[in-house]
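The primary structure of each chain is shown beneath.
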Amino acid sequence: MKYQQIDHNLFVKNRKKFMARMKPKSIAVFNSNDIYPIGADSTMPFEQNRDLFYLSGADQEETILLLFPDAHEKKHREVLFVRETNAHIAVWEGEKLTKEKATVVSGIETIYWLTDFDKIFYDLMTEVETVYFNTNEHYRQAVETQTREDRFIIKCKQDYPAHLWAKSNPILQEIRGVKEPEEIAIMQKACNITEKGFRRLLQFVKPGVMEYEIEAELLHEFIRSRSKGFAYTPIIASGNNANVLHYIENNRECKDGDMLLMDVAAEYANYSSDLTRTIPVNGRFTPRQKAVYDAVLRVKNDATAMLVPGTMWGEYHKEVGKLMTSELLGLGLLDKADVQNEDKDWPAYKKYFMHGTSHHIGLNTHDYGALKTPMVANMVYTVEPGIYIPDEKMGIRLEDDVVIQEKGAPFNLMANIPIEVEEIEELMNANS
C-alpha cells in the first residue's frame, strides 16, 4: 500500500465498540471483497471491503474476520484468516500478509490461513446461537453483483439452518458514523492532499485547457502524496457541463468566460475527502458569476453553522432549503409567486438546487452513519449547496468536509483550501 501503516490501536477500538453491541453467544463474520474481472486476464484494481478494513486494517483480498466475544477459548474471540503466502506468490504478485504481519496490522493475535476456515468455523459454530451477517444496507446502494459476502451468507444458511441470523449493519451504521481521532487525522491528510491538487490547478487552468488535462494534473499531485488517486470518479465540468450533476466524461475544452465546476478529491488509506470548487476559466469572475457564487457560499457557510449536536438530518435539509429560497429570490431566479404556489413535496428552490446538502463521509465517500437520530460530536459531513442555471450555461457548487464539535461551530477539514472570490482570482492571476 502507498499509505503509511495505521496504528492498529484504531482497529482494536473499533472491534471493541462492535463486540460490545453483539448479542450473547453470537459470532460476526466479515469477508473481503472479490477481485473483479474485466475480461481475458485483466481485473479491476482491488478495493477492500470497508467494514472489514474498519475492524481489522487488513487491506488484502481473500481475508475473513471473525468476532466471537463469548468464545470458550480466549484466542478465538478475535480471529483473522488470510491467504497463505509463499515464495512463488511473492515473485508473481508481491508481498502478502504473513501471520506475523497480520497481527501487526490488525492487533489480532490469532491468525490462521484461509484454508483452515471451514474446520475452525465448524468448531466455533457448536458454541454459537446467532450469526451476524454483513449486508450492504446503505440508503444509496444499488448492488447487482453477487459479492463474496453474499456467497458466504448463502452457504452458511445451508450448512447451519438451525442457527439464528442477525444484521451487522445497524451496529456499523451507529459506530462508523462517529469517527475516532485517528480517523479524523487520516481524513485531514486526505483533505491536505486534495488542497495540493487544487492549488496546482489554480496556476494551470486557462482558456483552451481540456477537462481531462485538469484530471491528469490532479492525479499526478494525488499519487505523489501517497494517495491511490481519486476518492470517487472526478467531475470536471466546464460551462453547461456543470448542469449535469454526475458529468464524468471530462472531455471538453474549457472556454473563455466559462465557469469550471470541479468535484474532485483524494483518498488516503481508504478514507475519502470530498471537495467541490467552481472557478472562472479565465481567472476573473463576471459580476453575475460573482453574485451567484457568493449566494452559494453564503448558503454553505450558514448551513455549516447548523451542524451541531442535536441537529436532525431531515430538518437540517429543510432549513437549508429556506436559505436557498431566499438567495434565489435575491438573484431573480425565483419570484414570490413561485414560492407561494410551490409543491411542498418539490419546493420551488429545487428547480435550481435539486440535490441534498450533506452526507456522512469517511471510509466511503457516502459513508455509513445514523440519519434518523440527532447528530453527535465527531460525525463528519460534507456541506455542498449549489445553484444550476442551464439558461445561463452556468452551474456553481461549493463543498467542504466538516467535523461536528461538542460545542460551537464544526471544524472545517478544508479550511485552508481557497474559496473566497478574491483569493481565487489572486491565485489564478499570480503570474500575469
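Residues numbered from 1 in each chain as written. Predicted model: local features only at pLDDT ≥ 70, side-chain atom pairs only at ≥ 80, totals over all residues. Heavy atoms only, no water.

Some words on the pairing of strand S14 (residues 380-383)
Neither face of S14 is open: one carries Val380 and Thr382, the other Tyr381 and Val383, and all of them are buried. Note: S14 against strand S17 (residues 400-403), 4 bridges, orientation antiparallel. Note on S17: the bridge partner recorded for tyrosine 381 is valine 402. (Buried < 20%, exposed > 50% of the residue type's maximum accessible area, 1.4 Å probe, protein only. Helix = DSSP H or I, 4+ residues; strand = E, 2+ residues; numbered from the N terminus. Pairing = 2+ DSSP bridges.)

Remarks on the domain arrangement of the protein chain
According to the domain assignment, the protein chain contains domain 1 (8-177) and domain 2 (181-429). Inter-centroid distance (C-alpha atoms) of domain 1 to domain 2 is 35 Å. Counting the contacts that link domain 1 with domain 2 gives 3 salt bridges. Across the pair glutamate 182 and lysine 13 runs a salt bridge, and its minimum N-O distance is 3.0 Å. Linking domain 1 with domain 2 are 13 residue pairs in polar contact (both at pLDDT 80 or more). Those elements giving two or more residues to the side of domain 1 that touches domain 2 turn out to be helix H1 (9-19), helix H2 (50-56) and helix H7 (169-176). Here the side of domain 1 that touches domain 2 is built from residues that sort into 5 nonpolar, 6 polar and 8 charged. (Domains from an automatic or database assignment. Salt bridge = Lys/Arg side-chain N within 4 Å of Asp/Glu carboxyl O. Polar contact = N/O pair within 3.5 Å; in protein donor to acceptor, adjacent residues only side chain to side chain. Nonpolar A, V, L, I, M, F, W, Y, C, P; charged D, E, K, R; others polar.)

Some thoughts on the sheet that holds strand S1 (residues 26-31)
Pairing between the strands of a sheet comes from backbone hydrogen bonds, and it takes one of two forms, parallel or antiparallel. Read across the open sheet, the 6 strands follow the order S6-S5-S4-S1-S7-S8; overall the sheet is mixed. Edge positions in the sheet fall to strand S6 (110-113) and strand S8 (164-167), since each has one partner strand and no second. Adjacent strand axes in the sheet meet at a mean angle of 25° when their direction is disregarded. The pairing of strand S7 (residues 130-133) with S8 spans 4 bridges and is parallel. Bridge pairing in S8 links phenylalanine 133 to lysine 167. Contacting strand S5 (78-82) and S6, helix H4 (residues 99-106) crosses the sheet at an angle of about 135° to S6. (Axes fitted to C-alpha atoms, helices over the stretch in contact; angles between N-to-C directions. Contact = heavy atoms within 4.5 Å.)

Regarding the pattern of salt bridges
Under the criterion given, the structure shown has 32 salt bridges. Measuring nitrogen to oxygen at the nearest pair gives 2.7 Å for the salt bridge that ties glutamate 221 to arginine 200. With glutamate 221 in helix H9 (residues 211-223) and arginine 200 in helix H8 (residues 181-204), the pair connects residues that are 21 residues apart, well separated along the chain. With relative accessibility at 25%, the residue arginine 200 sits in the partly exposed group. For glutamate 315, the salt bridge identified is with lysine 318, shortest N-O distance 3.5 Å. A residue pair is termed a helical-turn pair when its members lie 3 or 4 positions apart in one helix, as glutamate 315 and lysine 318 do in helix H11 (residues 313-330) at 3 residues. A residue is classified by how much of its surface remains accessible, and lysine 318, at 52% relative accessible area, is exposed.

Quick notes on a negative patch on the surface
Taken together, the side chains of Glu420, Glu422, Glu423 and Glu426 define an acidic patch exposed on the protein surface. Note on placement: glutamate 422 falls in helix H13 (residues 421-428). (Patch = residues over 30% accessible without salt bridge, like charges linked within 9 Å, V, L, I, M, F, W, Y side chains within 5 Å. Areas by Shrake-Rupley, 256 points an atom, 1.4 Å probe, with all protein chains shown as cover. Lys, Arg positive; Asp, Glu negative; His and termini not counted. Charge placed at Lys NZ, Arg CZ, Asp CG, Glu CD.)

Brief notes about the environment of phenylalanine 230
Position of phenylalanine 230 among the secondary structure elements: in the loop between H9 and strand S9 (235-238). Expressed as a C-alpha distance, the spacing of phenylalanine 230 and leucine 218, which sit 12 residues apart in the sequence, is 8.5 Å. For phenylalanine 230, the residues in contact, after removing those within four places along its chain, are Glu215, Leu218, Leu219, Phe222, Val264, Ala265 and Glu267.

Some points on unusual backbone geometry
One non-glycine residue, lysine 25, lies in positive phi territory at about 55°. The topology assignment puts lysine 25 in the loop between H1 and S1. Despite not being glycine, alanine 40 shows a phi value in the positive range, around 50°. Turning to its location among the elements, alanine 40 is positioned in the loop between strand S2 (37-39) and strand S3 (42-43).

Considerations on the nonpolar core
Counting 104 residues, the largest nonpolar core has Phe18, Ile214, Tyr293 and Ile387 as the members making the most contacts within it. It is H8 that provides the largest number of residues to this core, a total of 10 residues. In contact with tyrosine 293, other than residues within four places in its own chain, are Met259, Thr278, Phe285, Ile396, Leu398, Ile419, Val421 and Ile424. Judged by nonpolar contacts, the second largest core, of 22 residues, contains Ile27, Ile120, Leu124 and Ile153. (Core = buried A, V, L, I, M, F, W, Y, C linked by side-chain atoms within 4.5 Å.)

A closer look at the packing of aromatic side chains
In this structure the tally under the stated criterion is 15 aromatic pairs. Look at phenylalanine 117 and phenylalanine 121: their rings are 5.1 Å apart centre to centre, the planes differ by 15°, and that puts the pair in the stacked class. Residue phenylalanine 117 and its partner phenylalanine 121 are both found in helix H5 (residues 117-125); the two are separated by 4 residues, about one turn of the helix. Just as phenylalanine 117 is buried, phenylalanine 121 falls in that class too. Arranged with centres 6.2 Å apart and planes meeting at 80°, the rings of phenylalanine 133 and phenylalanine 152 form a pair that is edge-to-face. Separated by 19 residues along the polypeptide, phenylalanine 133 in strand S7 and phenylalanine 152 in helix H6 (residues 148-159) bring together distant segments of the chain. By relative accessible area, phenylalanine 133 is classed as buried at 5%. (Phe/Tyr/Trp six-rings, centres within 6.5 Å; stacked < 30°, edge-to-face > 60°.)

Considering the packing of H8 against H9
Two elements in contact, H8 and H9, have axes separated by 9 Å at closest approach and are oriented at 140°. In terms of their interaxial angle, H8 and H9 are classed as oblique. As H8 packs across H9, the resulting crossing turns out to be right-handed. Taking contact as the criterion, the partners of Ile193, Thr194, Lys196, Gly197, Phe198, Arg200, Leu201 and Phe204 in H8 are, on H9, Glu213, Ile214, Glu217, Leu218, His220, Glu221 and Phe222. In terms of residue class, the contact of H8 with H9 is built from 7 nonpolar, 3 polar and 5 charged. (Parallel < 35°, antiparallel > 145°, perpendicular 65-115°, else oblique. Left-handed = near helix turned anticlockwise from the far one by under 90°.)

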